[in-house]
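# Overview (structure and organization)
Here are the chains, one letter per residue:
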Amino acid sequence: MYPYYKPLGLVLDTTDWRFMNFLSHNYQSQAYHYVVQGHTIEQYSQYFLRDATEDYREHQLFKKISNLFVPESPYSDPNHVYQWSQVSFVEGKLPQHTDTRTAVISIPLVTFHAPIVWYENDIEVCNYDYASEATLINTSIVHGLPDNKSQRVFFQVGGMRESYDECLAQFKS
């Protein structure tokens, strides 16, 4: 698991799931492709809630996520969580890559049939099938989706730029 991913134990209720599904359906058509290391990844698109004309920051989900963090973390503020919240869509296989963010909280909104895979020198070193509802994913290590054949839909909270270990230290024990 460590240093690739950490299940977060976030407890979500029906209201949270309906809200995240509403967001994914409402903003999929406005999602834009992700550019990493100067390359557009056509298979991945995202939409940040901060860009929406509607302000959703009062929804209980942002407080629940912020409560995962120690008080010193900027993510302990629901407004900060909101600023970095997005819906994300993956269509098909994703090539090996690293993100500009070092970590992301990912909550899958559909069932996945292929794991995320991390690599070292083109050799698979770890994979994860999203067995947990919310997971912190290390995106600073080369990763991809070599076997993905279906659409993946996520609610994510990103923006993390510190090292993965520093990200982990921001969570309550």
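Preceding this section is the structure that the text describes.
The text that follows walks through the structure, step by step, so that each part is easy to find.

Parameters at a glance
- Residues numbered from 1 in each chain as written.
- Predicted model: local features only at pLDDT ≥ 70, side-chain atom pairs only at ≥ 80, totals over all residues.
- Heavy atoms only, no water.
- Core = buried A, V, L, I, M, F, W, Y, C linked by side-chain atoms within 4.5 Å.
- Buried < 20%, exposed > 50% of the residue type's maximum accessible area, 1.4 Å probe, protein only.
- Helix = DSSP H or I, 4+ residues; strand = E, 2+ residues; numbered from the N terminus.
- Pairing = 2+ DSSP bridges.
- Phe/Tyr/Trp six-rings, centres within 6.5 Å; stacked < 30°, edge-to-face > 60°.
- Lys NZ or Arg CZ within 6 Å of the ring centre and 35° of its normal.
- Salt bridge = Lys/Arg side-chain N within 4 Å of Asp/Glu carboxyl O.
- Polar contact = N/O pair within 3.5 Å; in protein donor to acceptor, adjacent residues only side chain to side chain.
- Contact = heavy atoms within 4.5 Å.
- Axes fitted to C-alpha atoms, helices over the stretch in contact; angles between N-to-C directions.

## Side note on the nonpolar core
- Within the largest apolar cluster, 36 residues are counted, with the highest numbers of intra-cluster contacts made by Ile65, Ile105, Leu136 and Phe155.
- Mapped by element, the contributors of at least two residues to this core are helix H1 (14-27), helix H2 (60-66), helix H3 (78-83), strand S4 (85-91), strand S6 (103-108), strand S11 (151-160) and helix H4 (164-169).
- Counting 17 residues, the second-largest nonpolar core is a separate cluster that includes Tyr34, Tyr130, Ile137 and Phe154.

## So, the pairing of strand S8 (residues 123-128)
- Two strands pair when backbone bridges link them, and strand S7 (residues 116-120) and S8 are joined in this way by five bridges, in the antiparallel orientation. Within the sheet, the bridge partner assigned to Tyr119 lies in S8 and is Glu124.

## Re the packing of aromatic side chains
- Considering all chains together, one arrives at 18 aromatic pairs under this definition.
- Of the aromatic side chains, those joined through ring pairs into one cluster are Phe19, Phe22, Tyr27, Tyr47, Tyr56, Phe62, Tyr82 and Phe155.
- Between the NZ or CZ atom of Arg50 and the centre of the ring of Phe48, over which it lies, the distance is 4.2 Å.
- Over the aromatic face of Phe112 sits the side chain of Arg152, whose NZ or CZ is 4.0 Å from the ring centroid.

## Notes on the pattern of salt bridges
- Here the structure, examined in full by the defined rule, presents four salt bridges.
- Among the ionic pairs, Asp13 bridges to Lys64, the shortest N-O distance being 3.4 Å. Of this pair, Asp13 sits in the loop between strand S1 (5-7) and H1 while Lys64 is found in helix H2, placing the two residues 51 residues apart along the sequence.
- When its relative accessible area of 23% is taken as the criterion, Lys64 is described as partly exposed.
- Arg101 is paired through a salt bridge with Asp99; the nearest N and O atoms lie 3.0 Å apart.
- If you follow the salt bridges from partner to partner, you end up with Asp13, Asp16 and Lys64 in one network.

## A look at the side chain of Gln46
- Turning to its location among the elements, Gln46 is positioned in strand S3 (residues 39-48).
- A polar contact of 3.1 Å, which involves the side chain of Gln46, links it to the side chain of Gln86.
- Ignoring anything within four residues of it in the chain, the contact list for Gln46 reads Ala31, Tyr32, Tyr34, Gln86, Val87 and Ser88.

## Focus on the pairing of S11
- Of all 10 residues in S11, nine are buried, a share of seventy percent or more.
- Of the strand pairs in this sheet, S4 and S11 are connected by seven bridges, and their pairing is antiparallel. Along S11, the bridge assignment pairs Ser88 with Phe154.
- Note that S6 and S11 share five bridges and pair antiparallel.

## Structural notes on the environment of Glu58
- Summarising the element assignment, Glu58 is placed in the loop between S3 and H2.
- Overall, the relative accessible area of 74% leaves Glu58 in the exposed class.
- In the structure, Glu58 is positioned 115 residues away from Ser173 in sequence and 26 Å away in space, judged by C-alpha atoms.

## So, the sheet that holds S7
- Taking strand neighbours across the sheet as the criterion, the four strands line up as S5-S10-S7-S8 in an open arrangement whose pairing is antiparallel. Edge positions in the sheet fall to strand S5 (94-97) and S8, since each of these pairs with one other strand and no more. Here the strands of the sheet are splayed against their neighbours by 25° on average, with no regard to which way each runs.
- Where S5 meets strand S10 (residues 143-145), two bridges bridge the pair, whose relative direction is antiparallel. Bridging across to S10, His97 finds its partner in His143.

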